[in-house]
Amino acid sequence: MLFKISLSGVKSRWKDYLVLFSGMMITTAIFYMFETISTNDKFTTNSPVGQNAKVVFIFGSILLAIITLVYVFYANNFLMSMRKHDYGLFMMLGAKSKVISRLIILETLVIGLASTAVGIVIGVGVTKGLSGLLSNQIHVSLTNFSAFYMPAVWTTVILFLVLFVIAGLVNARTFFKTSALNLLRSNQESDWKDPKKRTLWIQAILGLVLLVAGYYAMYDINKLLLMAIPIALVTIILGTYFVFNSFFVMILEAVQRSSISFKGLNNFTVSQLKFRIRDYTRILSVVSLLFALALGAITVGIGFQRMVPMMANGNNAYAVGITNPSSKMKSLVSGINNKNQVTYQQKVNSQTKTIYYRSSQFKNQPFKYAHFTNRTQLKSQVNDAQLSQLKDQTSEAYAGLNNVQSPLTRNLRIKFVSNVAFNQIRSKTNTLLLVRVTNMDAAAQTLSKIVNLQTRQYGKKVSEGLGIGGSYVTYQLLKGVFGSLEFMGIFLGIAFLAMLASCLMFKILSGAANDQTRFEMLNKIGARKSVLNRSILIQILGLFLLPAVLGIIDVAFGLQMFVKANLLHNAYQTFGWSALGFSVLYLIYYGMTVIIYSKIVVPKTRMEK
C-alpha cells in the first residue's frame with residue numbers, strides 16, 4: 001500500500017522527475033563515452049590515436065568519476081527534496097522509519113538503474129556519431145574503435161550501481177534521524193546564514209592569493225617543470241571555491257543594500273539567490289573548473305590542428321610529387337580545388353647513378369622550395385629556386401627537389417643539362433608532376449588516395465624507409481601524433497561542456513518546483529509576466545556568467561604552459577575563436593534553462609488557463 005502511495009506521488013511530480021532522469025542519462029552517456037576509449041585495449045594498442053589518448057582518457061575518466069560522484073549525490077538530494085514532504089506525511093500517518101528507509105533505497109535504485117540503462121544506449125549513439133564526425137573532420141582513422149564496447153558498459157553499470165547504493169543508504173540514514181515535523185517543513189527552510197564580514201574578507205583574500213599562485217605556477221612552468229601542474233591544480237580549485245564563497249555573497253549583499261534592489265524585482269531576485277547560496281557556491285565552483293577544462297581542451301585541440309599544416313608546409317612547398325602519373329592519379333589531381341601544378345621531364349642513368357633534368361624547364365617554371373624563417377613560431381616562406389641553388393647539394397632547394405622524387409631515384413645525383421644534351425641521353429623520359437595545395441585539410445582525402453596508390457606502386461622501396469615524398473606525407477605523420485591530441489582535446493571539451501552545462505542547468509531547475517509558490521504570490525499582488533521573466537533572465541544569467549568569466553581567466557593563464565614550452569603557437573588567436581564558439585554553445589544551455597524554468601514557475605494568466 002505504501003509503495004502504491006509512493007508511486008502516486010511520483011506520478012504527480014513526473015515533470016520534476018523527468019528533469020532528474022534527463023540529467024542522470026546525460027551524465028551516464030558522457031561517462032560511457034570516456035570508458036569506450038580508456039578501456040578499449042585493442043584501440044589503444046593498435047591505433048596511434050589510442051596510444052597517445054589512453055593516459056589522458058584514463059585521467060579524464062577518473063576526473064569524471066569524481067564529478068559524477070558529486071553530481072549523483074546532488075541529484076539524489078534533489079530527489080529527496082521532492083519527497084521529504086511526502087515521507088513526512090507517511091511518518092505522521094504511522095509508517096515506520098525502517099519501511100520509509102527501504103522505500104527510499106528502492107526509489108533511488110530504480111531511478112538510478114533506469115537512467116543508467118537509457119544513458120548507456122544514448123552514450124553508444126553519441127559516441128558513434130561524435131567519433132565519426134571528429135575522425136572525418138581531423139582526417140584521423142580510429143583503428144579498432146567501436147562505439148559499443150562491453151567492458152565499458154560493465155564499468156559504467158558497476159560504477160553507477162555502487163554510487164546509487166551509497167546514495168540510497170546515505171539518504172535513508174538521513175531520513176531515519178530526521179523527525180516528521182522537520183520533513184514537512186523542509187521546503188520552507190533556507191540555508192542562508194548571515195556571514196561574518198571578517199570571514200568573507202579572509203576568504204576573498206585567500207582565494208585571490210591562491211588563484212594568483214596557481215596562475216604563476218602555469219606561467220613559470222619552465223622552472224617548476226612537472227610541479228607546476230599539481231600546484232596549479234590544488235591552488236586554483238581552492239581559490240575558485242573561496243572566491244565564489246566570498247565574492248558572490250559580498251556582491252549579493254552589496255546589491256541588496258544599494259538602491260538597485262528597490263527597482264522592479266531585484267530584491268526578490270537577490271533573495272532567491274541567497275536562499276540557496278551554499279548549494280550554488282559549490283556548484284558554481286565545479287562549473288567554473290569544468291568550463292576552464294572544457295574550453296582549454298578545445299583550444300589546445302584546435303591549436304594542434306592548426307599547427308599540423310603549418311609544420312608540413314614548412315618542410316616542402318609541394319604536397320605530392322608523382323613520377324609518371326597514371327590516368328587515375330591524374331584524375332585525382334584534377335579533382336583538387338585551388339591547386340598549382342608543374343611538370344618536369346627527367347631521365348635516369350643507372351650506370352652513372354645520375355638523374356637528369358632540362359635546365360630550360362626550371363627557368364620557365366621555377367621550382368619552389370619551402371623553408372622555416374622562424375621555427376619557434378612555425379613561420380615558413382616559399383621561394384623560387386635558382387639553378388645555382390638546385391645544383392648545390394647542401395641547399396634547401398636541392399633537398400626539396402630530391403624529396404619529391406620517386407623513391408627509386410631518391411639516392412641519385414641530380415644534374416641539370418641543356419635541351420640538346422637531354423635529348424642525347426639514351427634513357428626513357430619520365431614525367432615528374434608536382435602539386436601544391438592551398439588548403440591541406442580540404443585536400444587531405446584526395447591526397448591520401450594518391451599516396452596510397454604510390455605506396456602500392458613502390459611497395460618494397462617504401463617499406464625500406466625510402467618513403468613517398470612531399471609535405472602531405474609529413475602532414476600524415478604529424479596527424480598520427482597531433483591528431484590524437486586534437487581528437488582528445490575536442491572530445492574532452494565537448495564532454496565537459498555537456499557535463500558542466502547539464503550540472504548547472506539541472507541544479508537551477510531542481511529548485512523550480514519550490515519557486516512556483518513564490519512566483520504565484522508575486523502574480524497575485526500584481527507583478528506583470530514580463531517583469532517576472534526579466535527577473536528570471538537576470539537571476540539565471542548571473543549563475544551562468546560568473547563561472548564562465550572565471551573559467552575564461554583560468555584558460556587565459558593556463559595557455560601559458562603550452563606557450564612557454566613551445567608546444568602551441570598562436571595560442572591566443574585560437575583561444576579567441578574557441579571562446580566565441582564555446583560561449584555560443586554555453587548560451588544555448590542558458591536559453592534552454594530560462595525557457596524550462598519560466599514554464600515551470602511563471603504563473604499562467606487567466607486567458608492562458
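Residues numbered from 1 in each chain as written. Predicted model: local features only at pLDDT ≥ 70, side-chain atom pairs only at ≥ 80, totals over all residues. Heavy atoms only, no water.

J.: Mind laying out the overall build of the protein, listing which residues take part and the relevant values?
T.: Counting secondary structure elements, the protein contains 23 helices and seven strands. Relative to its 609 residues, the protein shows a buried fraction of 50%. Counted over contacts in the protein with a minimum sequence separation of 6, partners at least 24 positions apart contribute 82%. As displayed, the protein offers around 29,600 Å² of accessible surface, 62% of which is attributable to carbon and sulfur atoms. (Helix = DSSP H or I, 4+ residues; strand = E, 2+ residues; numbered from the N terminus. Buried < 20%, exposed > 50% of the residue type's maximum accessible area, 1.4 Å probe, protein only. Contact = heavy atoms within 4.5 Å. Areas by Shrake-Rupley, 256 points an atom, 1.4 Å probe, with all protein chains shown as cover.)

J.: Tell me about the environment of Val437, residues and numbers included.
T.: Note on placement: Val437 falls in strand β7 (residues 429-437). Counting along the chain gives 99 residues from Val437 to Asn338, while the straight-line C-alpha distance between them is 6.3 Å. If sequence neighbours within four positions are ignored, Val437 has contacts with Ala319, Ile336, Asn338, Ala443 and Leu447.

J.: Report on the sheet that holds strand β3 (residues 354-358), specifying residues and quantitative values.
T.: Judged by pairing direction, the sheet is mixed, and its five strands sit side by side in the order β1-β7-β2-β3-β6 without closing on themselves. Each having just a single partner strand, β1 (320-323) and β6 (413-417) make up the two edges of the open sheet. Neighbouring strand axes in the sheet, compared pairwise and without regard to direction, differ in orientation by 30° on average. In this fold helix α13 (residues 327-334) packs onto β1, β2 (339-349) and β7, with an angle of close to 155° to the strand it touches most, β2. (Pairing = 2+ DSSP bridges. Axes fitted to C-alpha atoms, helices over the stretch in contact; angles between N-to-C directions.)

J.: So, the packing of aromatic side chains: which residues are in play, and what are the values?
T.: Summed over the entire model, instances satisfying the criterion amount to 13 aromatic pairs. Relative to Phe362, the ring of Tyr344 has its centre 4.0 Å away and its plane inclined at 5°; by these criteria the two rings are stacked. Linking Tyr344 in strand β2 with Phe362 in helix α14 (residues 359-364), this pair joins segments that are 18 residues apart in sequence. Each member of the pair, Tyr344 together with Phe362, is buried. On the numbers, 5.5 Å between centres and 25° between planes, the contact of Tyr472 with Tyr475 is stacked. In this pair, Tyr472 and Tyr475 both sit in helix α19 (residues 471-510), three residues apart, roughly one turn of the helix. (Phe/Tyr/Trp six-rings, centres within 6.5 Å; stacked < 30°, edge-to-face > 60°.)

J.: Provide a residue-level description of the packing of helix α21 (residues 529-558) against helix α23 (residues 571-601), including the pertinent values.
T.: In the contact formed by α21 and α23, the axes pass within 10 Å of each other and the chain directions differ by 155°. Here α23 runs roughly antiparallel to α21, going by the angle between their axes. Of the two possible hands of crossing, α21 and α23 adopt the one that is right-handed. Together, Asn533, Ile536, Leu537, Gln539, Ile540, Leu541, Phe544, Pro547, Ala548, Ile552, Val555 and Ala556 of α21 and Tyr572, Phe575, Tyr586, Tyr589, Tyr590, Thr593, Val594, Tyr597, Ser598 and Val601 of α23 make up the contact between the two elements. (Parallel < 35°, antiparallel > 145°, perpendicular 65-115°, else oblique. Left-handed = near helix turned anticlockwise from the far one by under 90°.)

J.: Kindly report on the nonpolar core, identifying the contributing residues and their values.
T.: Core analysis: the largest hydrophobic core is formed by 104 residues, its most contacted members being Leu447, Tyr472, Leu500, Tyr586 and Tyr597. At 20 residues, the largest contribution of residues to this core is made by α19. Dropping the residues within four chain positions of it, Tyr586 is found in contact with Val287, Phe291, Leu497, Leu500, Leu504, Phe544, Pro547 and Ala548. One finds Ala317, Phe367, Tyr369 and Leu390 within the second-largest nonpolar core, a separate group that totals 22 residues. (Core = buried A, V, L, I, M, F, W, Y, C linked by side-chain atoms within 4.5 Å.)

J.: Requested: an account of the pattern of salt bridges, with residues and values cited.
T.: Here the structure, examined in full by the defined rule, presents one salt bridge. Lys368 serves as the salt-bridge partner of Asp384, at 2.7 Å between the closest nitrogen and oxygen. With Asp384 in strand β5 (residues 379-384) and Lys368 in strand β4 (residues 368-374), this residue pair connects regions lying 16 residues apart in the sequence. For Lys368, a relative accessible area of 25% translates into the label partly exposed. (Salt bridge = Lys/Arg side-chain N within 4 Å of Asp/Glu carboxyl O.)

J.: I'd like to hear about a nonpolar patch on the surface, residue by residue, with values.
T.: A cluster of nonpolar side chains, contributed by Trp577, Leu580, Val584, Leu585, Ile588, Met592, Ile595 and Ile596, occupies part of the molecular surface with about 770 Å² of accessible area. Among the structural elements, Val584 can be located in helix α23. (Patch = residues over 30% accessible without salt bridge, like charges linked within 9 Å, V, L, I, M, F, W, Y side chains within 5 Å.)

J.: If you had to explain the pairing of β7 to someone new, which residues and values would you point to?
T.: In this sheet, β7 lies alongside β1 in antiparallel orientation, the contact comprising four bridges. Across the sheet, residue Val320 finds its bridge partner in β7, namely Val435. Across nine bridges, the pairing between β2 and β7 is antiparallel. When the bridges of β7 are listed, Val342 appears paired with Leu434.

J.: Which residues make up α13, and what values go with them?
T.: Among the residues making up α13, those that are buried are Met329, Leu332 and Val333. The arc that holds every buried residue of α13, seen down its axis, measures 100°, which confines them to one face. Within α13, the exposed residues directed more than 90 degrees away from the buried face are Ser327, Lys328 and Ser334. (Arc of directions from axis to C-beta.)

J.: With reference to specific residues and values, describe unusual backbone geometry.
T.: A positive phi angle, near 50°, is found at Asn324, a position not held by glycine. Along the chain, the position of Asn324 falls in the loop between β1 and α13. Residue Asn324 is classed as partly exposed on the basis of its relative accessible area of 31%. The backbone of Lys353 shows a phi angle near 55°, a positive value even though the residue is not glycine.

J.: Give me the lowdown on the packing of helix α8 (residues 197-219) against α21, citing residues and values where you can.
T.: Their axes nearest at 8 Å, the elements α8 and α21 cross at an angle of 35°. When α8 is examined against α21, the residues Leu211, Tyr215 and Met218 are found in contact with a partner set consisting of Leu550, Ile553, Asp554, Phe557 and Gly558. Class assignment of the residues belonging to the contact of α8 with α21 gives a composition of six nonpolar, one polar and one charged. (Nonpolar A, V, L, I, M, F, W, Y, C, P; charged D, E, K, R; others polar.)

J.: Explain the confidence of the model for the protein to me, and be specific about the residues and the numbers.
T.: Scored by pLDDT, the protein comes out at a mean of 77, with 75% of its residues at no less than 70. Summarising per-element confidence for the protein, the mean pLDDT is lowest in helix α7 (residues 180-184) (50) and highest in β3 (92). (pLDDT = per-residue confidence, 0-100.)

J.: Report on the side chain of Thr116, specifying residues and quantitative values.
T.: If you trace the backbone, Thr116 turns up in helix α5 (residues 97-138). A relative accessible area of 4% means that Thr116 is categorised as buried. If we ignore the near neighbours within four places in the chain, the residues touching Thr116 are Thr28, Val157, Phe160 and Phe164.

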